[in-house]
Amino acid sequence: MRSYRKELWFNIPTRRAFVNITPLLEDCVRESGIKEGLLLCNAMHITASVFINDDEEGLHEDFERWLEKLAPEKPYEQYRHNVGEDNADAHLKRTIMGREVVIAITEGKLDLGPWGQVFYGEFDGKRPKRVLVKILGE
């Protein structure tokens, strides 16, 4: 079995964003040379997420509104975590959206459904963060 590892770095200029990273993961699969296996992709920061969903602007707006209702950013003082910090909501949003995805690789391609795309979700941006890509297979 072969193994491939790469870190993808992001520095999102806004506090929150959803970035389609599917093309970057497809590049990783090509670089790895692995034709059959599994790709693990996980956010290495506790205020960021990796998830699979549809790449549709309205849906992303729905996510933003829904997450803000569940874990509003402000007022900052509503959270016990926010003593000298202001990102408690980002920790909660990350927990809701998930930490990682595992995707099958079949015939050298990501085996996603017809609308499936992989996203990096940023909930406390404006600084460098990384995502781990690990591919195992033959």
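Relevant structure appears above.
Being a predicted model, the structure only gives us computed values, none of them experimental.

Rules and cut-offs
- Residues numbered from 1 in each chain as written.
- Predicted model: local features only at pLDDT ≥ 70, side-chain atom pairs only at ≥ 80, totals over all residues.
- Heavy atoms only, no water.
- Buried < 20%, exposed > 50% of the residue type's maximum accessible area, 1.4 Å probe, protein only.
- Helix = DSSP H or I, 4+ residues; strand = E, 2+ residues; numbered from the N terminus.
- Pairing = 2+ DSSP bridges.
- Phe/Tyr/Trp six-rings, centres within 6.5 Å; stacked < 30°, edge-to-face > 60°.

So, on to the pairing of strand 3 (residues 37-43). Strand 3 sits mainly inside the fold: five of its seven residues count as buried. Where strand 3 lies against strand 5 (residues 100-106), six bridges are found, and the strand directions are antiparallel. By the bridge assignment for strand 5, leucine 40 is matched with valine 102. Bridge count for strand 3 against strand 8 (residues 129-137) is seven bridges, and the pairing is antiparallel. Residue pairing for strand 8: leucine 39 is matched across the bridge by isoleucine 135.

Enumeration over the complete set of coordinates arrives at six aromatic pairs. With a centroid separation of 5.7 Å and 80 degrees between ring planes, the pair formed by phenylalanine 51 and phenylalanine 63 is classed as edge-to-face. With a gap of 12 residues between them, phenylalanine 51 in strand 4 (residues 48-53) and phenylalanine 63 in helix 2 (residues 57-70) connect regions that are remote in the sequence. Classification of phenylalanine 63 as buried rests on a relative accessible area of 12%.

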